[in-house]
Amino acid sequence: MKNNISATLPLNQDSEIPLYRQIYRNLRRAIMLGQILPGTKMPSTRTLSKQLNVSRNTVINAYEQLIAEGCLVSEHGSGTYVAFNLESTNLTPSSESIHKPERNGNSNRADRMLKMLHRTIKPMPACKDGKIRAFREGVPALDMFPYKTWQRLINKAWRFSPSELLCGGSYLPLCEAIAAYLNVARGVSCNPEQVIVVSGSQMGISLVGQVLLDPGEAVWIEDPGYPGAYGAFQSVSVTTIPVPVDKEGLLLQEGIRKCPNARLAFVTPSHQFPLGSMMSFRRRLELLNWAEQNNSWILEDDYDSEFRYSGRPITALQAIDMKRRVIYLGTFSKVMFPAIRLGYLVVPLDLVEAFKAARQFTIQYPPLLEQAALADFINLGHFNHHIHRMRTLYESRQNILIKAAKNEWEGMIETESSDAGMHLIGWLPGSMDDQDASKKVARCGIDAFPLSNFCFDEKLRGAFVLGFAGINENDIRAGVSAIRQALVVNRKYNRSAQTLPAV
């Protein structure tokens, strides 16, 4: 097959999709379909660029993305190969035809909402003195948001269509802008009709629970994981099954052992929350295969995928889902500001009406004024520009945190840089309780959330979850010093604790 690999890569020179991304998508597709087998040696970038009549850098970019996602492996002095460990999974999809589940996908509750809708209604942070406390997790750089641009767009929306904005409803231009953005930035395949705008990720999770799960049915959640998801699923009376994770993501076999017939799996594959690992390509295929065979669903929470500092953002799980089992969840709260309270779901076409019905009986629609301004913010290029600026800023702030930690936390707290995200994990000495340590640093005005707050059944070594994105450089350094002081002082009164460095 290796001599014919170029034949599997038809390129459209007139397409808006960059050539490197066409090559990347076609190679990934061929690997998933078994057209290129595990262990196959790939042509050199020079050879393939000549065969395709493109620049070598174009092929290099495609290979680097596939290597980052675990589809290819590069062996120094030998070449580049299709990942060998994909062979043992035997998970290659047999067809790209859309699988029609035996059940229509709606919960009984959602069906009742649809029937009622048709009979009745027609669908129509912690701051002090303006500064975010170190090290509050999940808060973006509010001091760097383009407030004047946002205010101008809000004023424009209000000036040109006030009566429309007062009526309420779903703002189609925003759905169109989100669909276009996701296709380019995340590889998500959808049309505007599939985009369901909600009031933040919490509302999105609750909506998924209402539509896809009946009371008592089970959902896998990552452990440690996002407490908000746990609460949202509990609010719709479903059974949550904590499943441990490792460096490749959700441990599927543990999930099957605990609850083989779970109706849904909630995962953060691009950047596991809170530990920060990326779900391997092999594990992604295993999860998709489980969902298809078990007639189950996957809710992919892509909460901070925009902020990847090494290479390009990892392709969404939804983008490789050939059987339409993945519901995609995104939010603007971490890219822009928490108070915007806008998020979105991307759902399969046959679930659109059920999701719209469920939304109608819960929040109806988020405010139209913000939707209109956000559509312009995306379409006029401000959104992408802001992401690029914040990506550079957050990488710099992470580096400052790592450097300060190395200077002051040596032998006390272990942390290392991450390729993505807005927070890091700071591992405490094995004998130190993170709940107790968190309370002590809180007395110094520092928010260092204990990792145990994010654990459900798992008992992990104590650690802090340290947000850095919204903290300015001086406050990062001051916060690192404050944590050291708090824990060293604690050492004086706790002789059983592990030895800490003297001040």
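Quantities reported herein were computed from a predicted structural model and do not represent experimental measurements.

A. Region of interest: the sheet that holds strand β13 (residues 423-427). Read across the sheet, 3 strands follow the order β13-β15-β14 without closing on themselves; strand pairing throughout is antiparallel. Looking along the sheet, the strands with just one partner apiece sit at the ends: β13 and β14 (449-450). Where β13 meets strand β15 (residues 463-467), 5 bridges bridge the pair, whose relative direction is antiparallel. Bridge pairing in β15 links I425 to V465. Packing of helix α15 (residues 434-442) onto the sheet brings it into contact with β14 and β15, and relative to β15 it is tilted by some 45°.

B. Quick look at unusual backbone geometry. The step from A134 to F135 runs through a cis peptide bond, and the omega angle for that step is -5°. Inspection of the secondary structure assignment puts F135 in the loop between β4 (131-132) and α5 (147-160). With an omega of 5°, the peptide bond running from D223 to P224 counts as cis. Here P224 lies in the loop between β6 (218-223) and α9 (227-235). Phi is positive for S237, which is not a glycine, with a value near 65°. Along the chain, S237 turns up in the loop between α9 and β7 (239-246). Residue classification places S237 among the partly exposed residues on the basis of a relative accessible area of 44%. The phi dihedral of N295 is positive, around 55°, even though this residue is not glycine.

C. Focus on the side chain of T149. Within the secondary structure, T149 is located in helix α5. Sequence-distant contacts of T149, defined by excluding residues within four places in its chain, comprise F377 and H382.

D. Representation of the sheet that holds strand β5 (residues 195-198) in the model. Spatially, β5-β12-β11-β10-β9-β6-β7-β8 is the arrangement adopted by the 8 strands of the open sheet, whose pairing is mixed. Every interior strand has two partners, whereas the edge strands, β5 and β8 (249-250), have only one. Relative to β7, β6 is paired through 6 bridges, and the arrangement is parallel. Opposite W220, over in β7, you have I241 as the bridge partner. Strands in contact with helix α7 (residues 172-185) are β5, β11 (326-331) and β12 (343-346); relative to β5, the strand with the most contacts, it is inclined by about 115°.

Rules and cut-offs
Residues numbered from 1 in each chain as written. Predicted model: local features only at pLDDT ≥ 70, side-chain atom pairs only at ≥ 80, totals over all residues. Heavy atoms only, no water. Pairing = 2+ DSSP bridges. Helix = DSSP H or I, 4+ residues; strand = E, 2+ residues; numbered from the N terminus. Contact = heavy atoms within 4.5 Å. Axes fitted to C-alpha atoms, helices over the stretch in contact; angles between N-to-C directions. Buried < 20%, exposed > 50% of the residue type's maximum accessible area, 1.4 Å probe, protein only.

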